[in-house]
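Residue-level listing of the chains:
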Amino acid sequence: MSASADQILALLPQTQCTRCGYPDCAGYARAIAASEAPINQCPPGGAEGIERLAKLTGQSVQPLNPVFGVEGPMTGAIIDEDWCIGCTMCLKACPTDAIVGTNKRMHTVIEAWCTGCELCIPVCPVDCIRMENVSDERTGWAAWSQSQADTARRRYDFHVLRLQHETAENERRLEAKAHAKLADLPAHSLQTDPAVLEKKRAVIQAALASARARQQPPPG
């Protein structure tokens with residue numbers, strides 16, 4: 001029985017934790033659909049998650065592969081306010097934008113949006129983040145509701161879209177600066193040697209060409 005990546009994705013817990021070995025739940029879903037990955041690599045989904053995927057795909061139920069982790073309780077991130085230095089590293093790492101704060105200001109976690117992915121832990125330079133059990137003895141889908149999964153998926157989609165917009169806006173700003181320099185290169189350089197200025201012009205033009213190439217949609 002074949003199943004589409006979208007059908008498979010709908011059965012994943014949407015924690016975006018990357019424990020499956022893929023950059024997000026959608027990546028893992030595509031790999032399963034393409035028969036490039038088995039259905040037992042998602043610790044947050046646990047045994048019930050494997051059963052759901054087995055029923056959809058027609059594959060046999062198998063134990064969770066311990067290489068990718070173990071099924072456990074749902075956890076939530078807690079930031080120690082006394083140690084937080086406001087570096088914003090955890091904000092960038094959080095796949096659902098569940099951490100709020102600004103540079104050099106204390107950060108905090110919005111509990112309802114935290115998926116327990118733990119991606120904020122390794123990037124914190126002062127180890128001020130810890131994970132706390134929020135589901136007691138419940139594990140897998142018993143600890144994580146479909147409503148929470150739906151919220152996490154929406155938050156992640158928004159997170160990806162926001163990053164794309166920020167990247168595009170930053171590239172537009174850099175391109176505008178590059179064009180301004182090209183328009184009057186001598187005024188934007190301490191160099192006066194025409195040969196040196198011409199080399200700088202070539203470098204800027206190459207950078208602009210590269211930026212335009214990145215903005216082109218992929219073929220097909």
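Note that the structure is a prediction, hence the values are computed from the model and not measured.

Rules of the game
- Residues numbered from 1 in each chain as written.
- Predicted model: local features only at pLDDT ≥ 70, side-chain atom pairs only at ≥ 80, totals over all residues.
- Heavy atoms only, no water.
- Helix = DSSP H or I, 4+ residues; strand = E, 2+ residues; numbered from the N terminus.
- Buried < 20%, exposed > 50% of the residue type's maximum accessible area, 1.4 Å probe, protein only.
- Contact = heavy atoms within 4.5 Å.
- Pairing = 2+ DSSP bridges.
- pLDDT = per-residue confidence, 0-100.
- Phe/Tyr/Trp six-rings, centres within 6.5 Å; stacked < 30°, edge-to-face > 60°.
- Lys NZ or Arg CZ within 6 Å of the ring centre and 35° of its normal.

**Things to note about the overall build of the protein**
- Secondary structure summary: the protein contains 6 helices and 4 strands in total.
- Counting all 220 residues of the protein, 36% fall into the buried class.
- Contacts in the protein between residues far apart in sequence, at least 24 positions, make up 60% of those at least 6 positions apart.

**Concerning the environment of Gln148**
- Here Gln148 is to be found in helix α5 (residues 146–183).
- Spatially, the C-alpha atom of Gln148 lies 8.6 Å from that of Gln14, the residues being 134 residues apart in sequence.

**Things to note about the pairing of strand β1 (residues 75–79)**
- Here β1 lies mainly inside the structure; 4 of its 5 residues are buried.
- Bridge analysis of β1 against strand β4 (residues 129–133) gives 5 bridges, and the strand direction is antiparallel. When the sheet's bridge partners are listed, Ile78 is paired in β4 with Arg130.

**Considering the confidence of the model for the protein**
- Put simply, the protein has an average pLDDT of 88, and 84% of its residues get 70 or more.
- Within the protein, helix α6 (residues 194–215) has the poorest average pLDDT of any element, 69, and helix α2 (residues 25–33) the best, 98.

**Some points on the packing of aromatic side chains**
- Counted according to the given criterion, the structure contains 1 aromatic pair.
- A cation over an aromatic ring shows up here: Arg52 above the ring of Trp141, its NZ or CZ 4.1 Å from the ring centre.
- Lying across the ring of Trp113, Arg155 places its NZ or CZ 3.5 Å from the centre.

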